[in-house]
Amino acid sequence: MKSQAGRRTFWRNVRASWRDTLILLREFRLPLLVFIVLIAGAGGVYYRLSQHTPSALSSLAEGMYLVLSLTFFQPLNDFPTVWYLQVFYFLMPVVGIGTLALGLADFANLFFNRRARGKEWQMAVASTLTNHVVLIGLGHLGYRVVTHLRQMDEDVVVIELAPKPDLRLAIDRLDVPLLEDDGTREVVLRSAGIERARTVMLCTQNDSLNLEIALKSRALNPNIDVVVRIFDDDFAGSLQKQFGFRALSATGMAAPIFAASASNVEMTPPMYISGRPHVMARMEIKTSSRLCSLTVLELEEKFHSSIVLLIRDGKTTFHPAGAERLSACDSLAVFGTPEDIQLLLHDNH
């Protein structure tokens, strides 16, 4: 699993590098344009002046090519005998290379030091993601949610206007792009790939701010699943009824439950048994799931959890037999610790 995640990260970074290079080329298009205009203009002037000398050039293209070769100290013809053409042999290397080198030096510095550029690199990485989770609000809850999502091998983009240094460093270690900007801005949401995202999660401590971003996200992507943190229980219920958002109140919420919501998994609030939290999760086995063909007993032993209910073809079985073999599209109700349930969801994903 780790090697598979590593390959995904590698190819994601390759795509990000390519897109970031295109961004750099657009950023330095002015020096390149100036250099091209210089070569074309100087080549035209050289061609016109050469027509009054014994060594007249045959075409404008030859003049441009000659000037380009002079720029890199590679003259094609013999040194001219007239002074005004000799000027080109001394002036073009200085002007041409000076103009090009100024832009190339900055380009190379930024090209080979992408991560130091911060925001541009993070946007390039985010642009490679699809069907991912956009999380807004990197407080302690947001960080725990990101951690749980990464444990489930979910791709995440985080938006936070002013992240704390320790959380920024922790997010970087999780290989998660972090956009340090205002999540209420449409351009920032687009940079995070909100139009390609599967879920947006609002984890700020401001109910009205969470609602504003949720509505903007739904406007940009009508099919996106919205999971929003709300402090007021009544307000959370109203949002679920009116907008179809999955609104979770802070009083009954734990980070594993919040993270599981991004994968369309229902999970109960934790109950403590012998001092350890346990939850009940409802999930559906996916077609490509690693759980397919496992028996009930094998699953329970592997994930230290108990299958309380199995629904197959509309038929419900409570506490299915251990020899029962699981298959795609089976719906399960599983009881276990949040950590064990997350591992189960990871293999199902």
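The structure we're discussing is the one just above.
These figures come from a predicted structure and were not determined experimentally.

Colleague: Is there a simple way to explain the packing of helix 2 (residues 29–50) against helix 3 (residues 60–71) in this structure?
Modeller: Between two packed helices, both the angle of their axes relative to each other and the distance between the axes serve to describe the pair. Relative orientation of the contacting elements helix 2 and helix 3 amounts to 120°, with a least axis distance of 7 Å. The orientation of helix 2 with respect to helix 3, classified from their angle, is oblique. Classified by chirality, the crossing of helix 3 by helix 2 is right-handed. Residue-level contacts link Phe35, Ile39, Ala40, Ala42, Gly43, Gly44, Tyr46 and Tyr47 of helix 2 to Leu60, Gly63, Met64, Leu66, Val67, Leu68 and Thr71 of helix 3. Class assignment of the residues belonging to the contact of helix 2 with helix 3 gives a composition of 11 nonpolar, four polar and no charged.

Colleague: Explain the side chain of Arg150 here, please?
Modeller: Take Arg150: it is sitting in helix 6 (residues 140–151). Buried Arg150, no salt bridge; nearest opposite-charge side chain is Asp155, N-O distance 4.1 Å. A distance of 3.3 Å separates a polar side-chain atom of Arg150 from the backbone oxygen of Leu174. With residues up to four places along the chain from it excluded, the contact list for Arg150 reads Asp155, Val156, Leu174 and Val176.

Colleague: Just to check I follow, could you spell out the side chain of Arg198 for this structure?
Modeller: Summarising the element assignment, Arg198 is placed in the loop between helix 8 (186–191) and strand 4 (199–202). Side-chain polar atoms of Arg198 contact the side chain of Glu154, separated by 3.0 Å.

Colleague: What exactly am I supposed to notice about the pairing of strand 1 (residues 133–136) here?
Modeller: Consecutive side chains along a regular strand alternate between the two faces of the sheet. With burial as the criterion, each face of strand 1 is covered, one bearing Val133 and Leu135 and the other bearing Val134 and Ile136. Direction of pairing for strand 1 relative to strand 2 (residues 156–159): parallel, over a ladder of four bridges. The partner of Ile136 across the bridge, within strand 2, is Ile159. Where the polypeptide runs from strand 1 across helix 6 and back to strand 2, its parallel neighbour, the crossover connection is right-handed. Note: strand 1 against strand 4, four bridges, orientation parallel. Its bridge partner being in strand 4, Ile136 is matched across the sheet by Leu202.

Colleague: Please explain the packing of aromatic side chains as it appears in this structure.
Modeller: Pairs of aromatic rings are described using the distance from one ring centre to the other and the angle between the two planes. In the structure shown here, the tally under the stated rule is four aromatic pairs. Residues Tyr46 and Phe88 carry aromatic rings whose centres are separated by 5.0 Å and whose planes lie at 85° to one another, so their mutual orientation is edge-to-face. One end of the pair, Tyr46, is in helix 2; the other, Phe88, is in helix 4 (residues 83–111), and 42 residues separate them in sequence. Residue Tyr46 shares its accessibility class with Phe88, and that shared class is buried. Measuring from ring centre to ring centre gives 5.4 Å for Phe79 and Tyr89, while their planes differ by 75°; the resulting arrangement is edge-to-face. With Phe79 in the loop between helix 3 and helix 4 and Tyr89 in helix 4, this pair connects stretches of sequence that are 10 residues apart. Judged by its relative accessible area of 12%, Tyr89 falls in the buried class. An aromatic cluster is present here, built from Phe79, Tyr89 and Phe90 joined pairwise through their rings.

Colleague: Mind showing me how you'd approach the environment of Gly314 here?
Modeller: Mapping Gly314 onto the fold places it in the loop between strand 10 (306–312) and strand 11 (315–318). By relative accessible area, which is 70% here, Gly314 ends up exposed.

Colleague: What is the right way to look at the pattern of salt bridges in this model?
Modeller: One side chain can pair with another of opposite charge once the charged atoms of both are near each other. Enumeration over the complete set of coordinates arrives at nine salt bridges. Linking Glu212 and Lys216 is a salt bridge whose minimum nitrogen-to-oxygen distance equals 3.4 Å. Placement of the pair is Glu212 and Lys216 together in helix 9 (residues 207–220), with a separation of four residues, close to one helical turn. Overall, the relative accessible area of 35% leaves Glu212 in the partly exposed class.

Colleague: What should I look at first to understand the packing of helix 12 (residues 296–303) against helix 13 (residues 338–348) in this one?
Modeller: One can describe the packing of helix 12 onto helix 13 by two numbers: an axis separation of 9 Å at closest approach and a directional angle of 125°. The orientation of helix 12 relative to helix 13 falls into the category oblique. Within the contact between the two elements, helix 12 uses Leu299, Lys302 and Phe303 and helix 13 uses Asp340, Leu343, Leu344 and Asp347. Class assignment of the residues belonging to the contact of helix 12 with helix 13 gives a composition of four nonpolar, no polar and three charged.

What counts and how
Residues numbered from 1 in each chain as written. Predicted model: local features only at pLDDT ≥ 70, side-chain atom pairs only at ≥ 80, totals over all residues. Heavy atoms only, no water. Axes fitted to C-alpha atoms, helices over the stretch in contact; angles between N-to-C directions. Helix = DSSP H or I, 4+ residues; strand = E, 2+ residues; numbered from the N terminus. Parallel < 35°, antiparallel > 145°, perpendicular 65-115°, else oblique. Left-handed = near helix turned anticlockwise from the far one by under 90°. Contact = heavy atoms within 4.5 Å. Nonpolar A, V, L, I, M, F, W, Y, C, P; charged D, E, K, R; others polar. Buried < 20%, exposed > 50% of the residue type's maximum accessible area, 1.4 Å probe, protein only. Lys, Arg positive; Asp, Glu negative; His and termini not counted. Salt bridge = Lys/Arg side-chain N within 4 Å of Asp/Glu carboxyl O. Polar contact = N/O pair within 3.5 Å; in protein donor to acceptor, adjacent residues only side chain to side chain. Pairing = 2+ DSSP bridges. Right-handed = clockwise from strand over helix to strand, strands pointing away. Phe/Tyr/Trp six-rings, centres within 6.5 Å; stacked < 30°, edge-to-face > 60°.

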